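# Tertiary structure, described
Below, each chain spelled out in residue letters.
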Amino acid sequence: MSSPENSALGRAVPYADQYDPSLLYPISRAPKRAEIGVPHQVPFMGADLWTAYEVSWLNARGKPQVALAQITVPCESPNIVESKSIKLYLNSFNNTRLDDVSQLLGHLRADLSEASWRGTDQNGSVGVRLIAPEQFDQQAVHELDGVNLDRLDLECSQYTPAPELLTAAFDEQPVTETLASNLLKSNCLVTGQPDWASLQISYSGPQIDQAGLLRYIVSFRNHNEFHEQCVERIYMDLWRHCRPTKLTVYARYTRRGGLDISPWRTSHPQALPPNIRTARQ
C-alpha cells in the first residue's frame, strides 16, 4: 500500500484538467492504528466527513458548472485517501465535459469508493452529496456545542501528545456531558504545515478533569499526524485513561486547498452529525 512520503504532498506536480481517477492516492489506515493499539476489528464506529468547496466541470455544451461536494468515508474503510490527491483528482474535472450532474456524481462515488478499499478483497461505498449553487445560501455556520474548555485559565507546557494528563473521578458518580475546544492544532504528517481544528468530546462515565483534558488537547500542537489519525489517537487515549461507558470524539479541521476534513468516532450506534461547518472552516 502507498506510503505518505510517496504522495504528492509537498511536491510540485503537473496540473491535470481532464478526468483522471488514477490521481487518487490511498494510504492504509493500519500502520497508524497499530501504533496506538487499535486491533484489526476497530473498537469504534464513525466516518470522515469531507467538504470540497472547489468542484467544477463543463456541461455537454462546454459551459462551466460549479458545486460543493460533501463526502462521507466510513472509518471501516481500510484506507484514507490523501487530501492533495483528492484536490488534484477534483481539478481533473475542470475541463471535462459531462452529460449531466449525475455522471459527475457517479464518477465521484465509484472512484472514491475504489480508492478507499483499494488493495483488499472487500468492497465498500463512500457517500457523496452535491450541493448546487441555488442551495449555497442554505449552508449554515455553527460552532460545536458543549461546555467551553477554553475558558480555563491555565499553564500549558507540553506540545506533543501527553495522555498521562488525562484523569477522571473514578470514585464519584458518573456524568454525561459534552465538552468543546477550539485549541486543537496538529501538523501535516508529511509537510509539517499546521492543521487547525475545533474539537467536541461527548461521553458518559467518570467525570473527566477539564484542566487535564485541555492541556492534553494543547499537547497535540507540535504533533505530526493526519487528521483522521489524530482523532483516533484522542479517542483511544480517552477510552483507556478515563474509562467512559460511552464516548464520541468529533473534530472539524479548517480547510486547506479547498477541502476540509471532519473525522468523527463513536463507541455506540448513532446518526452522523450534520456536516455543518464552523466559522473557521
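Everything below is about the structure printed above this text.
Source: prediction; values computed, not measured.

### Regarding the pattern of salt bridges
For the structure shown, the criterion picks out 11 salt bridges. Note that glutamate 225 and arginine 233 form a salt bridge whose closest N and O atoms lie 2.9 Å from each other. Assessed through its relative accessible area of 1%, glutamate 225 is described here as buried.

### Topic: helix 5 (residues 227-242)
A rise of 1.5 Å per residue sets the reference length of helix 5, with its 16 residues, at 22 Å; its end C-alpha atoms lie 22 Å apart and thus fit the reference within 8%. For helix 5, the tally of buried residues reaches 13 of 16 residues, placing the bulk of the element in the interior. Once helix 5 ends, the next one or two residues include arginine 243, with phi positive near 50°.

### Topic: the pairing of strand 3 (residues 64-74)
The sheet contact formed by strand 2 (residues 45-58) and strand 3 spans 10 bridges and is antiparallel. Along strand 3, the bridge assignment pairs alanine 52 with alanine 69. Turn length for the strand 2-strand 3 hairpin, with the two strands adjacent in sequence and antiparallel, is five residues, and the turn residue glycine 62 shows positive phi of about 85°. Sheet topology note: the strand 3/strand 5 (residues 127-131) ladder contains five bridges and is antiparallel. Within strand 5, the position partnered with leucine 68 by the bridge is isoleucine 131.

Definitions and cut-offs
- Residues numbered from 1 in each chain as written.
- Predicted model: local features only at pLDDT ≥ 70, side-chain atom pairs only at ≥ 80, totals over all residues.
- Heavy atoms only, no water.
- Salt bridge = Lys/Arg side-chain N within 4 Å of Asp/Glu carboxyl O.
- Buried < 20%, exposed > 50% of the residue type's maximum accessible area, 1.4 Å probe, protein only.
- Helix = DSSP H or I, 4+ residues; strand = E, 2+ residues; numbered from the N terminus.
- Expected span 1.5 Å × (residues − 1).
- Pairing = 2+ DSSP bridges.

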